[in-house]
Amino acid sequence: MAKYYELDKGGNAYAGSGKGDTLGYTPTLITVYGVLSIILALLLIWGSIAGIKVPEGSAVTQEQMDSSLLWWPIAAGVSGVAALIAGRLAKKRVKWEICIGCMAVADIAVVLYAIPAIQMAVIALFLLLVGLIMTMRVNKNREAFSA
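This part is about the overall build of the chain. A tally of helices and strands in the chain yields four helices and zero strands. For the chain, the N- to C-terminal ordering of α and β elements is α-α-α-α. Within the span of the chain, comprising 147 residues, buried residues form 37% of the whole. Of the contacts formed within the chain by residues at least 6 apart in sequence, a portion of 73% connects residues at least 24 apart.

Laid out in structure tokens, this is it:
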């Protein structure tokens with residue numbers, strides 16, 4: 001009889017039982033990022049509805065803030081939903097192609113942070129780098145996934 005950590009309901013191998021499976025906590029980290037990104041998107045939507053006003057003399061203009069409050073929730077929401085899907089698929093070790101595709105969408109979506117305000121480019125590049133590392137980890141464990 002299979003142990004609870006070896007098989008899920010669909011009979012797919014979990015971590016450690018697949019050939020060369022070294023994902024470890026990667027699916028959990030992807031899912032945590034997805035949840036935090038969706039929370040950020042909701043907070044940014046709330047901020048745009050509330051109408052954040054930029055103080056006079058600030059380095060950011062009101063037009064830049066308005067543009068940012070349009071793009072950032074879209075970027076955070078798309079990235080978060082794609083990361084949640086990828087995290088779930090990676091945890092179950094199924095549908096590798098869809099998982100990698102969702103991770104690519106999540107990686108590319110964070111670049112949208114830098115569109116309205118170039119000041120966000122550093123954060124966008126950091127998130128892109130972390131996303132690419134996670135994508136490479138999942139790609140390295142391709143054999144652990146089932147169809």
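Now that the structure has been shown, we can carry on.
Looking at the secondary structure, you find T26 in helix α1 (residues 26–50). With relative accessibility at 3%, the residue T26 sits in the buried group. In contact with T26, not counting residues within four places along its chain, are M134, R137 and V138.

Residue-level pLDDT values for the chain average 80, and 85% of them are 70 or greater. Across the chain, element-level confidence peaks in helix α3 (residues 96–109) with a mean pLDDT of 91 and bottoms out in helix α2 (residues 62–92) with 86. Low pLDDT (under 50) marks residues 1–11, which in the prediction has eleven contacts with non-local residues, meaning those over four places away or in another chain.

Counting 17 residues, the largest nonpolar core has I30, A86, W96, C99, M103, V138 and F145 as the members making the most contacts within it. Residue assignment for this core shows that the elements contributing at least two residues are α2, α3 and α4 (121–140). Top contributing element to this core by residue count: α3, with six residues. Discounting residues that sit within four places of it in the chain, I30 has contacts with A83, A86, G87, M103, M134 and V138. M65, W72, A117 and A121 belong to the second largest nonpolar core, which has 15 residues in total.

Time to look at unusual backbone geometry. The phi torsion at R93 lies on the positive side, around 60°, for a residue other than glycine. Structurally, R93 can be placed in the loop between α2 and α3. In this structure, K95 takes a positive phi of about 50° despite not being glycine. In this structure K95 comes out as partly exposed when scored by relative accessible area, which is 41%.

With 14 residues, α3 extends 20 Å from end C-alpha to end C-alpha; this agrees with the ideal 20 Å at 1.5 Å per step. Along α3, the residues that are buried comprise W96, C99, I100, C102, M103, A106, D107 and A109. Tucked inside the fold, the buried residues of α3 contact α1, α2 and α4.

Glancing now at the packing of α3 against α4. Packing of α3 against α4 leaves a shortest axis separation of 9 Å and a crossing angle of 170°. The pairing of α3 with α4 is recorded here as roughly antiparallel in orientation. Residues W96, C99, I100, M103 and D107 of α3 form the contact with α4, whose participating residues are L128, G131, L132, M134, T135, V138 and N139. Partitioning the contact of α3 with α4 into residue classes produces eight nonpolar, three polar and one charged.

About the cut-offs
Residues numbered from 1 in each chain as written. Predicted model: local features only at pLDDT ≥ 70, side-chain atom pairs only at ≥ 80, totals over all residues. Heavy atoms only, no water. Helix = DSSP H or I, 4+ residues; strand = E, 2+ residues; numbered from the N terminus. Buried < 20%, exposed > 50% of the residue type's maximum accessible area, 1.4 Å probe, protein only. Contact = heavy atoms within 4.5 Å. pLDDT = per-residue confidence, 0-100. Core = buried A, V, L, I, M, F, W, Y, C linked by side-chain atoms within 4.5 Å. Expected span 1.5 Å × (residues − 1). Axes fitted to C-alpha atoms, helices over the stretch in contact; angles between N-to-C directions. Parallel < 35°, antiparallel > 145°, perpendicular 65-115°, else oblique. Nonpolar A, V, L, I, M, F, W, Y, C, P; charged D, E, K, R; others polar.

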